[in-house]
Structure formats: C-alpha cells, structure tokens
Amino acid sequence: MMRKIRRLWLVLTFSVALILSAALTQPTLGIALLPSQQPTQSASGFYNPVVNHSSPQNQPAFRVAEATQNTSPTQNAETAAIKTKAQQPPNFVLILVDDSGLMDFSAFGGEARTPNLDQLAQNGVWFNNFHTSPVCAPSRAMLITGSDSHLTGVANLPEMLPEGYADRPGYAGELNESVKTVATRLKAAGYSTYATGKWHLGHSETNLPNAKGFDHSFILGGSGANNYNTKGYVPMKPEAHWYRDGKETDLPQDFYSSKDYIKSTIAFHESQSDPKAPFFSYIAFQAIHAPIQAPDRFVEPYRDVYKAGWDVLRQKRYEKAKALGIIPADAAMSAIFPQFRKWEEISPKLQAEYVTDMAVTAGMLEAMDFYIGEYIQYLKDSGRFDNTIFIVTSDNGPDGGDYRPTIAKVWQKTMGYHKDPDRVGDAGYYGDIGPEFAAALSSPFSFFKYYTGEGGVRTPLIVSGPNIPQGRTSNVFSFITDVVPTMLDLAGLPTPSSNEEVPITGKSLLRHIQNPAVPVYAKDEGVGLEAANSAAYFLGDYKIVKNNIPLGDQTWHLYNLKTDPGETRDLAQQEPERFQAMIAAYDAYAKNVGVIEMPEGYSAEGEVNRKSVTYIVKHSAPFVLIPLVLLLLLGVLWRRYRRVKA
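Description of the structure in this document. Only a predicted model underlies this, so the values are computations on that prediction, with no experimental measurement involved.

What counts, and where the lines are drawn
- Residues numbered from 1 in each chain as written.
- Predicted model: local features only at pLDDT ≥ 70, side-chain atom pairs only at ≥ 80, totals over all residues.
- Heavy atoms only, no water.
- Patch = residues over 30% accessible without salt bridge, like charges linked within 9 Å, V, L, I, M, F, W, Y side chains within 5 Å.
- Areas by Shrake-Rupley, 256 points an atom, 1.4 Å probe, with all protein chains shown as cover.
- Salt bridge = Lys/Arg side-chain N within 4 Å of Asp/Glu carboxyl O.
- Helix = DSSP H or I, 4+ residues; strand = E, 2+ residues; numbered from the N terminus.
- Buried < 20%, exposed > 50% of the residue type's maximum accessible area, 1.4 Å probe, protein only.
- 1 Å grid on protein atoms, 1.4 Å probe; cavity = no way out; pocket = protein on both sides within 12 Å on 5 of 7 lines; lining within 4 Å.
- Points joined across faces, edges and corners; volume = space filled by probe spheres on them.
- Nonpolar A, V, L, I, M, F, W, Y, C, P; charged D, E, K, R; others polar.
- Core = buried A, V, L, I, M, F, W, Y, C linked by side-chain atoms within 4.5 Å.
- Polar contact = N/O pair within 3.5 Å; in protein donor to acceptor, adjacent residues only side chain to side chain.
- Contact = heavy atoms within 4.5 Å.
- Arc of directions from axis to C-beta.
- Pairing = 2+ DSSP bridges.
- Axes fitted to C-alpha atoms, helices over the stretch in contact; angles between N-to-C directions.
- Parallel < 35°, antiparallel > 145°, perpendicular 65-115°, else oblique.
- Left-handed = near helix turned anticlockwise from the far one by under 90°.
- Phe/Tyr/Trp six-rings, centres within 6.5 Å; stacked < 30°, edge-to-face > 60°.

Points about a nonpolar patch on the surface
Then, in step 1: Side chains of Ile 626, Val 629, Leu 630 and Leu 633 sit close together on the surface and give an oily, nonpolar patch of about 380 Å² of accessible area.
Then, in step 2: Tracing the backbone shows Val 629 in helix α17 (residues 604-645).
Then, in step 3: Given the relative accessible area of 44%, Val 629 is considered partly exposed.

What about empty space enclosed by the protein?
Then, in step 1: What the rule picks out here adds up to nine cavities of 30 Å³ or more.
Then, in step 2: Roughly 100 Å³ of internal volume is contained in the second largest cavity.
Then, in step 3: In terms of lining, the second largest cavity is formed by 14 residues, of which the most central are Asp 99, Ile 288, Ile 292, Asp 399 and Ile 433.
Then, in step 4: Residue composition of the lining of the second largest cavity, grouped by class: seven nonpolar, four polar and three charged.

Structural notes on the nonpolar core
Then, in step 1: In this structure, Leu 186, Phe 280, Tyr 282 and Phe 437 are the most contacted members of the largest nonpolar core, which totals 187 residues.
Then, in step 2: Here this core takes 16 residues from helix α10 (residues 348-381), the largest share from any one element.

A word on the side chain of Ser 443
Then, in step 1: Following the sequence through the fold, Ser 443 ends up in the loop between α12 (434-442) and α13 (454-457).
Then, in step 2: Of the polar contacts made by the side chain of Ser 443, one reaches the backbone oxygen of Arg 314; its length is 2.8 Å.
Then, in step 3: In contact with Ser 443, other than residues within four places in its own chain, are Met 103, Arg 314, Arg 317, Tyr 318 and Met 333.

Focus: helix α11 (residues 406-414)
Then, in step 1: Within α11, burial applies to Ile 407, Ala 408, Trp 411 and Gln 412. The arc enclosing the buried residues of α11, seen along the axis, measures out at 140 degrees, which places them on a common side. Set apart from the buried face of α11 by more than 90 degrees, the exposed residues are Lys 413 and Thr 414.
Then, in step 2: Gly 416 occupies a position one or two residues after α11 and carries a positive phi of about 90 degrees.

Considering the pairing of strand β11 (residues 458-464)
Then, in step 1: Burial runs high along β11: seven of the seven residues are buried.
Then, in step 2: The sheet contact formed by strand β2 (residues 124-131) and β11 spans six bridges and is antiparallel. Bridge pairing links Val 125 to Val 463 in β11.
Then, in step 3: Here strand β10 (residues 388-394) runs beside β11; their pairing, made up of four bridges, is antiparallel.

Comments concerning the packing of helix α9 (residues 310-323) against α12
Then, in step 1: For the pair α9 and α12, interaxial distance at closest approach is 7 Å and the crossing angle is 15 degrees. Relative to α12, the element α9 lies roughly parallel. Where α9 crosses over α12, the two elements pack in a sense that is left-handed. On α12, the residues touching Trp 310, Leu 313, Arg 314 and Arg 317 of α9 are Glu 436, Phe 437, Ala 440 and Leu 441.

Some details on the packing of helix α3 (residues 115-122) against α10
Then, in step 1: Two numbers describe how α3 lies on α10: the axes approach to 7 Å, and their chain directions differ by 60 degrees. Classed by the angle they form, the pair α3 and α10 counts as oblique. Of α10, the residues touching α3 (which contributes Pro 115, Asn 116, Leu 117 and Leu 120) are Met 368, Asp 369, Phe 370, Ile 372, Gly 373 and Ile 376.
Then, in step 2: Here the contact of α3 with α10 is composed, by residue class, of seven nonpolar, two polar and one charged.

Considerations on the sheet that holds strand β14 (residues 526-531)
Then, in step 1: One open sheet holds the four strands; their spatial order is β14-β15-β16-β17, and the pairing between them is antiparallel. Of all strands in the sheet, those with a lone pairing partner are β14 and β17 (557-560), marking the two edges. Within this sheet the neighbouring strands show an average axis-to-axis angle of 15 degrees, counted without direction.
Then, in step 2: Note: strand β15 (residues 534-539) against strand β16 (residues 542-546), five bridges, orientation antiparallel. Across the sheet, Leu 539 pairs through a bridge with Tyr 542, a residue of β16.
Then, in step 3: Across the face of the sheet, helix α16 (residues 576-593) comes into contact with β14, β15, β16 and β17 while running at roughly 115 degrees to β15.

Examining the packing of aromatic side chains
Then, in step 1: Following the criterion strictly, the structure yields 35 aromatic pairs and no others.
Then, in step 2: Pairing Trp 242 with Phe 255 gives two aromatic rings, centres 5.6 Å apart and planes at 75 degrees, and the pair type is edge-to-face. A residue pair is termed long-range when its members are at least 10 positions apart, and Trp 242 in strand β7 (residues 242-244) and Phe 255 in the loop between β8 (247-249) and α7 (257-270) qualify at 13 residues.
Then, in step 3: Given the relative accessible area of 1%, Trp 242 is considered buried.
Then, in step 4: On the basis of relative accessibility, which here comes to 3%, the residue Phe 255 falls in the buried class.
Then, in step 5: Geometrically, the ring pair formed by Tyr 403 and Tyr 430 is tilted, given 6.2 Å between the ring centres and 50 degrees between the ring planes. Pair noted here: Tyr 403 is in the loop between β10 and α11 and Tyr 430 is in the loop between α11 and α12, with a separation of 27 residues, a long-range link.
Then, in step 6: Its relative accessible area of 2% is what places Tyr 403 among the buried residues.
Then, in step 7: Among the aromatic residues, those joined into a cluster by ring pairs are Tyr 306, Trp 310, Trp 343, Tyr 354 and Phe 437.

Some remarks on unusual backbone geometry
Trans is the common state for peptide bonds, and a negative phi is the common state for residues other than glycine.
Then, in step 1: Here the bond from Ala 287 into Ile 288 is cis, since omega is 5 degrees, no more than 30 degrees from zero.
Then, in step 2: Non-glycine residue Asn 467 carries a positive phi angle of around 65 degrees.
Then, in step 3: With respect to the element layout, Asn 467 can be found in the loop between β11 and β12 (472-474).
Then, in step 4: Judged by relative accessible area, which is 51%, Asn 467 ranks as exposed.
Then, in step 5: For Glu 567, which is not glycine, the phi torsion reads 55 degrees and is therefore positive.

Put into structure tokens, the structure is as follows:
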C-alpha cells in the first residue's frame, strides 16, 4: 500500500513540475484579447494632427507627406452625396468580419462559399489594397471613428502591454470620452443606429455602444468567446460577457453568434418607431475568430478541401491572386518562415486535426454569409434594401496565434473544450488554424495578424449599394480610417472640423468610387500605422515596415507594393533617400499621435503568454499545492514509520 502511495506521490510531483515547466516555456497561448478595465484617456493636449514640414529641420530630403493621415477636406458633400430616387439619405450596413484575410471570401478567391458577400461585391466596388491595423481593437476603433487608433484611446490591447503602459495616454484600450463615432454623427442627422456583435472597445458606462451613439445594441464586450455560450477562449479570461443596451445580459436559448447577431438586428428594426427613418446597422461578427465553431451542416462540404495541407494551399492562393489581378502576374510570393513546419513533417493525426479545423473555418464563414443573406432578404421584404449601402471589411489578417501549447490544451480541457472531429457542431469544439495555415491564408502576402506585413494588414473591403458603380475592382491604397468620412459623404453630411478634440484622420473614398482615375491619397500624402510594436508607413506605391519579434526582425525595410506586394525585395539600400525620408515621416507621425516604444525584448505573444501562465498558476495553485502538501506529509510519516520499525 505504502509503495503505491509513494509511486503516486512521485507521479503527481513529476506532473506538476512538467506542467509548470511547459507553462513557462511555451511560445504562446493565442493572443487575441479582451478589453481593458483602465480608465479612459482624453486625447486633449497631446495631439497635433498636422506634421509640420514647414521648418527646414523638419523637411525631409525626399518630398513626403505634408500631413500624416491628412485631414484634407473631402469633396463638397452636396455634390458628392448619393442621391436616391426618393432623395432620402441612404441607410448603412457596416459588416465587420473577424480575422479574415483579403482572399477568404469566394469573390476574392477563397474556398468558402459566400454567395451573399459575392453578390454585394459584384453590385459594388471591391478594394484589393485596403489596409487595417494588425490587431483587432485598434482596427475597430479606427473603423467606427475615422481617427487614428492612438487618438481614440485604443492604440493597443492592455493585455499585450507591459505593466504600467496601459496608464499612458492613448493606451487605455477603451474609447476615450472625447472621440465621436460615426453612430454619434449619424444619429444627430436623424438616423436610427444599431450595434450587434463583438465590440471590444470598453464596457464601462462611458464607452459601451449606448454611450457612443447607438440607440440599441447587443454586443460581446471582449475580444472573443465561445460562439454558443459564455465560456471564454483564453486562460486569463475564462468567462465572456454580453451587454444589451448598456446592461449586462444573458444569452438567449440556442444562441449561435452569427445567427443571433442578425436576429437582434432585425428585432431592432421591428422596434423602430419611424420605419421610414434612415438607419445605420453595425454588425461585427465573431466569425472567424477562435474558437472556430460552426454548425455541422456548414462544415461538411469542406471536410476534404484542405487535405493537401498548408504548403499546397499557400501556392493555390498565390496563383489565384495573380489570376484575379490582385497582384501582378510577375509578382513574387513571400518566403515561408524557416521555423514553420512542412506539412509532411507533422503526424497524420495532427494533419487530420488541422484539416478539420480548416473545414470548420470555411463552414463558419459560410454560416456567417448565410445569416447575412437572411438579413438582406428581410431588408428586401421590408422595403429597406434598395436604399441601403453595404460596407464589408475585416479587422486584420488571419490569426496565426498558437492555441495548442500544452498548458493551453490543459486549460481547454478543464473548460470542456475538445477536438473530436465527429462533434464539430457542438459548443465544446475548439477550432484554431495555427501559424502555418494562417500564413497560407495570407498568401501571397507576408506575415499575418499581429504583424504589419501585408498579410496582417491587407483585408477585403466591399462598398455596395444604390448609385455605387457595379462590378468594379480598385487597386488603389486605402485605409480603415477612410470608412467613416466615406459614409458621411454618402449621407451628404458636412465634413467634421479638423479642430475637433479627436479629429477624423481618414479620407473619403467617394470621389475615387465615382471616378477610378482619382486616387484616395495624393502621392505626397502618407499614412502611418503602429500597433503591438510593429509599424508601417505608406506613401504612394511604397511602404516602409518594421515587424516585431518573434517572426519579425524589428528592422525597417522598404518595398514597392505595386510591383512587389509580397514584400520580397527590400529596396532600402537601392533607394536610401526615399527610405530615410519615409522613416522621418513615420517618426513625425509617431510623435504626433503619441506612439510609445515598447521595452527591449517585448513581444505581444510573450506578454500574453506570461499573463496567461500567471493566471493559471494563481488560480490552480490551491488545487495543486494542497494534494502535494498532503503527499509530502504522508512521505514524512512513512519514513518515520520505517525508522521506528527498523
């Protein structure tokens, strides 16, 4: 008996040591995060939206932007606004997909069937050179405010920040009290305004949707969650929270995220006091954020689609991008990261898991599209569709976070998650695609979510609706802050003053939509971007980019995106004058918006990993230590007994 107890004690001790060791050495747990609890931060007093190049010391040798994300006026609203037959302002539906790369919709070359999105694309303009932040919350802040993320209070996610950084200006991780959303502006013009889906911009009384211009809302407060219930998806946030009209709420029975976000949106319409009033619906889907989940019927058609693996998929996407004109026919594909595994190097069991997860990913996209189709049909049946403009985009590129380290899988099991391929349709399935498939989905571009390489920041954009040209593709550069000024132009509203406390920094796309020969940004107008210690600056056809560790080298590189969208040929040595001028322009941008450098050795994934391990150790310690202490006591008693007996 005592021999068995001693063996059990040794096994438990070894297991605890193994778990702790794995926890402290795993590279990542998956890093999309939840919003901050930090107080909001006013932008007042630290921002000057215009880069001053007037003085000689500020004038780069190579001519660059006169202003960073210039607030140059949009066109005359009265002449540019969309005029419908009824002379009514247009309705707006703004759809945000989570973690979808440029080529994930079937219209853009993806494998998933998205007929409703494809129809919207065919009936409008789709943009192949649209850019976002590499991480979700900053993109969401820019999408609904039109302002640079640092000015809105959402420069980064607090969970990605080292201790003390979240208290600095612009880094609270929540919309500050000074920034206006497009809902605020449209509501003032008589619009009914609705928000459903993932919010991720704070959940206090000052920054929930009802405090930011939305009449009605049903939102997930954090960065991600189970699509069927309130379970979280990363160890540090084991429970998710939803809010309805500013108050925390329970989920309805038979909840599935995509279905119920559309259902709530339709319910908001039904409660509209004036059905003829224009409306703005903001629908931010959880699809296709981890945990990737979808009903069986949407998954089954894709069971065999990804069996050839990520290397083959990567090549196929590259060929499709050339065939669709997304990249030049002679453009090179980015190199694969040397630390990534080859498909044939992993076990058949692991291959099967990834193939299933990719099938669920495609199924989740198709499910989202299906429910978008139900909403479109409702708008048609209720007479609202013909005067509605749809804008569809994503917050960043595919998620390359690794959700499979040992400690993450242990936590997932304790939460009831599984990877049973025969139960992909139930609430316990935890799908994720891993870094190699994320790189394949990003192809032909480099990097993915979390990085400012094109794969992390180039996403789809569709603008479709009345008086929008049909079937047109645009390859001009555009940015996520451009959406709000475009909507205001389409609504015929005046351009907001650049003297607002948090000014709009984007530019309207409308003139380019009406005349494809007109670019959105002039050749000397640049756009800066920074998040999670990765950064970029766009100017004309060129881009400088600095990607953070672990996949990046934290070094600036220069690329010509028109000829080399895969970012394969660094031109920094060949064009030093341009290179230095663009770095100077980025420095001016960073100073103006308040970019804060992270400490030496910082990585977003490492920070999330550290906090997740800390959370697990803190909350699991009593369950581990008590049995361990008891076993130690038994061991001591056993040794004393043996001595007495001897």
